[in-house]
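An overview of the molecular structure
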Amino acid sequence: MAKRIIVKGEQAREKIKSAVNEVADILKRTLGPAGRNVIAYRANILSFEDVDDGYSIAREIRLNDEIEDVVARSLVEACSSTNDRAGDGTTTTIVLANAIYNEGYERLFTKGNLLSQNPVELRQKLDEELEIVLSELDKMKKPIEKEDIYNVAKVSSNSEKIAKIIGDAADKVGKELALLIEDSYSEETTSEVISGVEIPHGFIHGILANTPTGEFVQKNANILFTNQIISEPQQIMSLVNELANRGETHLILIARAFNFNIYNSIVATRVSQLKGGKGFNIVAVQFPTADEVMEDYALACGTAFIDENKGMKLQDLKIGEIGRISQATITKDRTFLLLSNENLEVGEKINEEMRKTKLTERIEVIKSQLKDERPGGKIYEKLQKRIGILSGGIGIIKVGGINEGVRQHFKKKIEDAVCATRAAIEDGIVRGGGLALKEIAEKLGKDAILYIPLQAPFNTLQENNGGKLEISEDVVDPVKVIKIAVQNAVKTAGMLLSTDAAIAHEWLKPCSCNSMENPAERNKRIQEEQESGKDYVV
């Protein structure tokens, strides 16, 4: 059994500081347009990867010291949180966390507690200053304009080519940026727009994915919308049985909510399938939205909308009322429903014409409501968004490359740039290049703990650019990305500053067995090493 390593006091603090500096020293080299790449060996694909994405790099960092590696994992967790919530800003998170930790360490353990703070008090002060930073960012932000989409994508990806791809796609599908990114398996990267809708919610559990990339992808997908709360399996059993009897294997069910019982039932069925069992696959998407908006989506997809306010029940649904779309792609946070008019039978073509007629009528009704609202007001914006749902399409960017490594690297940069652009659309933009945080640092004053750390992104960009940095007016950053990066940096640095002991398991030593030897001899040798008390890995 592996031994535990325990360090306390000054020894623990020194190891924490060493780990924080080591991780930051690797990642900060990639920040900005003049940032460098990092090459890393990926054991899971038995190949190397040359990347400049903070989260991808952080995941591959393993420090030689067991305690320091535990600290590195906490920084990776901060990166992961930023990546999940914003899709960008992971390197900035580490640069800020490193600067905050070093400033706190200096105040607590080098300057003799000049501010009469213990680690807990300093952490509380950090939280207070964080609230001021977030408030100042809200004051500084401005809504994104159409021309800003290109600028945000360019800053995020460090690529004019990627910015142009995303900008062109935005021109076609609108500012909501309903974009699906796929592999093209050719050297060219292309984009197209097809009929479809995007829902800003994904499946209820990752186990529902059916691809190695963590997505659920289904051609000729069955789909249904309801504003009901699905609470019991009995609500959908008759529908599921009828679909199964017709040879169908799945149903994408988009509902207001799923309670604990149905959640467990859906997950348990999928687990059974993965173990080789049989079962009907229900891909559940929880979509808490206004009834009229959900009905818009149902109409756009040509499926029934089961409205409980009209006394409708899933049990009474006729099989012909279930919609069928050309493809569904569902992730943990988004659902893309692609429609197609190709290969329709005569009856289906008639239904398609009826759907288009209903869409046109509904759009005209909403446009008439717009006349009574003030342009720029909340209700006006909501009505405009509904028109976009009913009349818009989905842009598909098919990413190419000369080989798999190049393609995946380019695809990741496009995905990050799309995430950054969506964040900007959601919460606005501020001056980029670290200038917004630098300005806030001046407002906080030199006595603030965050005074020096908030200038770290700007200083790192300057350092990577050879000591000179000129930032033009068109360099902008999404407020949401900056907020999340600062929040995660403060949280992680504050936790590490208040840590006074650390525990890790001593790494297991490789087994001395020869992998080419006879299995019986190998098992005998392993047993001998177990009895001798050695730690080993088979």
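Just above sits the structure.
Before going into details, it helps to say that this report is about the structure given with it.

Definitions and cut-offs
Residues numbered from 1 in each chain as written. Predicted model: local features only at pLDDT ≥ 70, side-chain atom pairs only at ≥ 80, totals over all residues. Heavy atoms only, no water. Helix = DSSP H or I, 4+ residues; strand = E, 2+ residues; numbered from the N terminus. Buried < 20%, exposed > 50% of the residue type's maximum accessible area, 1.4 Å probe, protein only. Areas by Shrake-Rupley, 256 points an atom, 1.4 Å probe, with all protein chains shown as cover. Phe/Tyr/Trp six-rings, centres within 6.5 Å; stacked < 30°, edge-to-face > 60°. Pairing = 2+ DSSP bridges. Polar contact = N/O pair within 3.5 Å; in protein donor to acceptor, adjacent residues only side chain to side chain. Contact = heavy atoms within 4.5 Å. Axes fitted to C-alpha atoms, helices over the stretch in contact; angles between N-to-C directions. Parallel < 35°, antiparallel > 145°, perpendicular 65-115°, else oblique. Left-handed = near helix turned anticlockwise from the far one by under 90°. Nonpolar A, V, L, I, M, F, W, Y, C, P; charged D, E, K, R; others polar. Core = buried A, V, L, I, M, F, W, Y, C linked by side-chain atoms within 4.5 Å. Salt bridge = Lys/Arg side-chain N within 4 Å of Asp/Glu carboxyl O.

To continue, consider the overall build of the chain. If you tally the helices and strands in the chain, you get 17 helices and 15 strands. When the 538 residues of the chain are sorted by exposure, 48% land in the buried category. Accessible area for the chain stands at about 27500 Å²; split by element, carbon and sulfur atoms hold 49% of it.

Here we come to the packing of aromatic side chains. Across all of its chains, the model carries 4 aromatic pairs by this definition. For the pair phenylalanine 225 and tyrosine 297, a centre-to-centre distance of 6.5 Å together with 15° between the ring planes defines the contact as stacked. Separated by 72 residues along the polypeptide, phenylalanine 225 in strand β6 (residues 216–230) and tyrosine 297 in helix α10 (residues 291–301) bring together distant segments of the chain. According to the relative accessible area criterion, phenylalanine 225 is buried, its value standing at 0%. Classification of tyrosine 297 by relative accessible area gives buried; the value is 5%. A ring pair is formed by phenylalanine 287 and tyrosine 297, whose centres lie 5.4 Å apart and whose planes are at 80°; its orientation type is edge-to-face. On the criterion of sequence distance, the pair formed by phenylalanine 287 in the loop between β8 (281–286) and α10 and tyrosine 297 in helix α10 is long-range, its members being 10 residues apart.

With that settled, the discussion passes to the pairing of strand β5 (residues 190–199). Where β5 meets strand β12 (residues 393–399), 6 bridges bridge the pair, whose relative direction is antiparallel. Bridge pairing in β12 places threonine 190 opposite lysine 398. In this structure, β5 lies alongside strand β11 (residues 335–338), joined through 4 bridges in antiparallel fashion. From the neighbouring strand, glycine 196 faces β11, where its bridge partner is leucine 338.

This brings us to the side chain of asparagine 227. Of note, asparagine 227 is situated in strand β6. From its side chain, asparagine 227 meets the backbone nitrogen of glutamate 308 in a polar contact 2.9 Å long. Ignoring anything within four residues of it in the chain, the contact list for asparagine 227 reads Arg256, Asp291, Met294, Phe305, Ile306, Asp307, Glu308 and Asn309.

Here we take up the packing of helix α3 (residues 66–86) against helix α4 (residues 90–110). The description of two packed helices rests on the angle between their axes and on the distance between the axes. Between α3 and α4, whose axes approach to 8 Å, the crossing angle comes to 140°. Taken together, α3 and α4 sit at an angle that is classed as oblique. Crossing of α3 against α4: the hand is right-handed. Facing α3, whose interface residues are Leu75, Ala78, Cys79, Thr82 and Asn83, α4 presents Thr90, Thr93, Ile94 and Ala97. In terms of residue class, the contact of α3 with α4 is made up of 5 nonpolar, 4 polar and no charged.

Counting residues in hydrophobic clusters, the biggest one holds 58 residues, and the most contacted among them are Leu224, Phe225, Ile252, Ile254, Phe258 and Leu337. Here this core takes 7 residues from α10, the largest share from any one element. For phenylalanine 258, the contacting residues outside a window of four places in its chain are Ile204, Ile230, Leu253, Ile266, Ala284, Val285 and Gln286. Judged by nonpolar contacts, the second largest core, of 50 residues, contains Val20, Leu63, Leu122 and Val430.

Attention now moves to the environment of isoleucine 322. Considering the arrangement of structural elements, one finds isoleucine 322 in the loop between β9 (305–306) and β10 (323–330). Of the residues examined, isoleucine 322 reaches a relative accessible area of 11% and is grouped as buried. Separated by 20 residues in sequence, isoleucine 322 and glycine 302 place their C-alpha atoms 8.3 Å apart. Those residues within four positions of isoleucine 322 in sequence are excluded, and the remaining contacts are Asn222, Ile223, Leu239, Leu243, Leu251, Thr303 and Leu317.

Within the secondary structure layout, glutamate 198 lies in strand β5. Here arginine 422 takes part through its side chain, which lies 3.3 Å from a polar atom of the side chain of glutamate 198.

Moving on to the pattern of salt bridges. Applying the stated criterion across every chain yields a total of 29 salt bridges. Between glutamate 160 and lysine 154 there is a salt bridge, with its nearest N and O atoms 3.4 Å apart. Relative accessible area serves as the criterion here: at 51%, glutamate 160 is assigned to the exposed category. The partner of lysine 398 in a salt bridge is glutamate 192, and the shortest N-O contact between them spans 3.6 Å. Taken together, the residues span a long stretch of sequence, with lysine 398 in strand β12 and glutamate 192 in strand β5 at a distance of 206 residues. Among the residues examined, lysine 398 registers a relative accessible area of 29% and is labelled partly exposed. Look at glutamate 192 and you get partly exposed, because its relative accessible area is 35%.

On to the packing of helix α13 (residues 404–427) against helix α16 (residues 479–497), then. Remark: α13 packs on α16, axes separated minimally by 7 Å, with the N-to-C direction vectors making an angle of 100°. The angle between α13 and α16 places the two elements in the roughly perpendicular class. Contacts between α13 and α16 involve Ala423, Glu426 and Asp427 on the former and, on the latter, Val479, Lys480, Val481 and Lys483. Residue composition of the contact of α13 with α16, by class: 3 nonpolar, no polar and 4 charged.

The backbone of asparagine 158 sits at a positive phi, close to 55°, despite the residue not being glycine. Its place among the elements puts asparagine 158 in the loop between α6 (146–157) and α7 (160–173). Given a relative accessible area of 36%, asparagine 158 falls into the partly exposed group. Even without a glycine there, the phi angle at asparagine 220 is positive, about 45°. Here asparagine 220 falls in the partly exposed class, since its relative accessible area comes to 44%.

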